[in-house]
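Architecture at a glance
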Amino acid sequence: AQSVTQLGSHVSVSEGALVLLRCNYSSSVPPYLFWYVQYPNQGLQLLLKYTTGATLVKGINGFEAEFKKSETSFHLTKPSAHMSDAAEYFCAVSGQRAGKSTFGDGTTLTVKP
Amino acid sequence: GAVVSQHPSRVICKSGTSVKIECRSLDFQATTMFWYRQFPKQSLMLMATSNEGSKATYEQGVEKDKFLINHASLTLSTLTVTSAHPEDSSFYICSARSSEYEQYFGPGTRLTVT
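Residues numbered from 1 in each chain as written. Chains lettered and ligands numbered in written order. Predicted model: local features only at pLDDT ≥ 70, side-chain atom pairs only at ≥ 80, totals over all residues. Heavy atoms only, no water.

1. Notes on the overall build of chain B
The helix and strand tally for chain B stands at zero helices and 11 strands. Taken from the N to the C terminus, the helices and strands of chain B come in the order β-β-β-β-β-β-β-β-β-β-β. Relative to the 2.2 N^0.38 estimate, which gives 13 Å for 114 residues, the radius of gyration of chain B is 13 Å and therefore close to what a compact globule would have. Taking the principal axes of the C-alpha coordinates as reference, chain B spans close to 40 × 25 × 20 Å. Split into buried and exposed, the 114 residues of chain B put 50% on the buried side. For chain B, the proportion of contacts with a sequence separation of at least 24, taken over those separated by at least 6, is 54%. Carbon and sulfur atoms make up 50% of the accessible area of chain B, which totals about 5500 Å². Of the charged side chains in chain B, 11 are positive and 10 negative; the average position of the first set lies 8 Å away from that of the second. (Helix = DSSP H or I, 4+ residues; strand = E, 2+ residues; numbered from the N terminus. Rg over C-alpha atoms; globule rule 2.2 N^0.38 Å. Buried < 20%, exposed > 50% of the residue type's maximum accessible area, 1.4 Å probe, protein only. Contact = heavy atoms within 4.5 Å. Areas by Shrake-Rupley, 256 points an atom, 1.4 Å probe, with all protein chains shown as cover. Lys, Arg positive; Asp, Glu negative; His and termini not counted. Charge placed at Lys NZ, Arg CZ, Asp CG, Glu CD.)

Here you go:
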């Protein structure tokens, strides 16, 4: 069994400020973890993923996330927010070799000028 | 990265009719594709897992006779919403699995049933 909890359904930051989107997971097997971004009326775009190896993973558009097994967390960060970062963000977990992903409820990121 | 397309992007149909949505992996072969449904301001809900050449595996609570899935080739899966009703109106997204852990998502299909 696996589940994802995204803390905070809405996050608002000022342009240039740090972005922190929180994700905690549970999985009965070693997890694969993902962050996706979704713009209105579009599909999901992969920002980054953790499979094995280095726990700090870097993704597109300046985002990164750190896998912390002891905390069962995979928080997404970006040092400096841009207006174009405003979107819906989803954290997802899948069990290794399972293929099927479970998604969090999503976090809406608003960036204020 | 790998590209997944969906067709149509938007469809409006009358209640009682059937609608077919196509999902294609354009530059890779996908033995497994997934179909999701997303309500406004909500997360993705997995409807079914589609495996090439075999019957789809439906999630609990999803009516297999209403949402017909066919995965006829390694690059094409279709979802047919039969006898659609207004409550079937939603955003339907497919994804195609390219490896053990990676899946690529289509752009989604907005279905409106009037």
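Structure's up, so let's keep going.
2. Observations concerning unusual backbone geometry
Looking along the chain, the bond that leaves B:His7 and enters B:Pro8 is cis, with omega of 0°. The residue B:Pro8 is located in the loop between strand E1 (4-7) and strand E2 (10-13) in this model. Phi at A:Asn61 takes a positive value of approximately 60°, unusual for a residue other than glycine. Tracing the chain through its elements places A:Asn61 in the loop between strand E6 (56-58) and strand E7 (64-68). Its relative accessible area of 44% is what places A:Asn61 among the partly exposed residues. Unlike most non-glycine residues, B:Lys41 shows phi in positive territory, near 60°. Relative to the helices and strands, B:Lys41 is located in the loop between strand E4 (32-38) and strand E5 (44-51).

3. Topic: the side chain of B:Ser43
Within the element layout of this structure, B:Ser43 appears in the loop between E4 and E5. For B:Ser43, a relative accessible area of 13% puts it in the buried group. In this structure the side chain of B:Ser43 is engaged in a polar contact, spanning 2.4 Å, whose partner is the backbone oxygen of A:Gly104. Apart from the residues within four sequence positions on either side, B:Ser43 is in contact with A:Phe90, A:Phe103, A:Gly104, A:Asp105, B:Arg37 and B:Gln38. (Polar contact = N/O pair within 3.5 Å; in protein donor to acceptor, adjacent residues only side chain to side chain.)

4. Quick notes on the pattern of salt bridges
Summed over all chains, the structure comprises five salt bridges over all chains. Ionic pairing is found between A:Lys49 and B:Glu102, a salt bridge with its closest N-O pair at 3.4 Å. Taken together, the positions of A:Lys49 in strand E5 (residues 44-50) and B:Glu102 in the loop between strand E9 (90-97) and strand E10 (103-105) put the pair across two chains. For B:Lys66, the salt bridge is made with B:Asp88, and the minimal N-O distance between the two is 2.9 Å. Of the two residues, B:Lys66 sits in the loop between strand E6 (57-58) and strand E7 (67-73) while B:Asp88 sits in the loop between strand E8 (76-81) and E9, which places them 22 residues apart along the sequence. Assessed through its relative accessible area of 11%, B:Lys66 is described here as buried. (Salt bridge = Lys/Arg side-chain N within 4 Å of Asp/Glu carboxyl O.)

5. As for the confidence of the model for chain A
Taken as a whole, chain A shows an average pLDDT of 92; of its residues, 96% reach a score of 70 or greater. Mean pLDDT values over the elements of chain A span from 89, in strand E10 (residues 101-103) of chain A, up to 98, in strand E8 (residues 73-78) of chain A. (pLDDT = per-residue confidence, 0-100.)

6. Topic: the pairing of strand E3 (residues 19-27) of chain A
Residue and element names in this part refer to chain A. Of the strand pairs in this sheet, strand E1 (residues 2-7) and E3 are connected by six bridges, and their pairing is antiparallel. Of the residues in E3, the one forming a bridge with Thr-5 is Asn-24. Note: E3 against E8, four bridges, orientation antiparallel. Note on E8: the bridge partner recorded for Leu-20 is Thr-77. (Pairing = 2+ DSSP bridges.)

7. Thoughts on the packing of aromatic side chains
Within the structure shown, the criterion is met by 12 aromatic pairs over all chains. Relative to A:Phe67, the ring of A:Tyr50 lies with its centre 4.3 Å away and its plane at 20°, an arrangement referred to as stacked. You can see A:Tyr50 sitting in strand E5 and its partner A:Phe67 sitting in strand E7, a full 17 residues away along the chain. The buried category is assigned to A:Phe67, whose relative accessible area is 10%. Through a chain of ring-to-ring contacts, the aromatic side chains of A:Phe34, A:Tyr36, A:Phe103, B:Phe34, B:Tyr36 and B:Phe105 assemble into a single cluster. (Phe/Tyr/Trp six-rings, centres within 6.5 Å; stacked < 30°, edge-to-face > 60°.)

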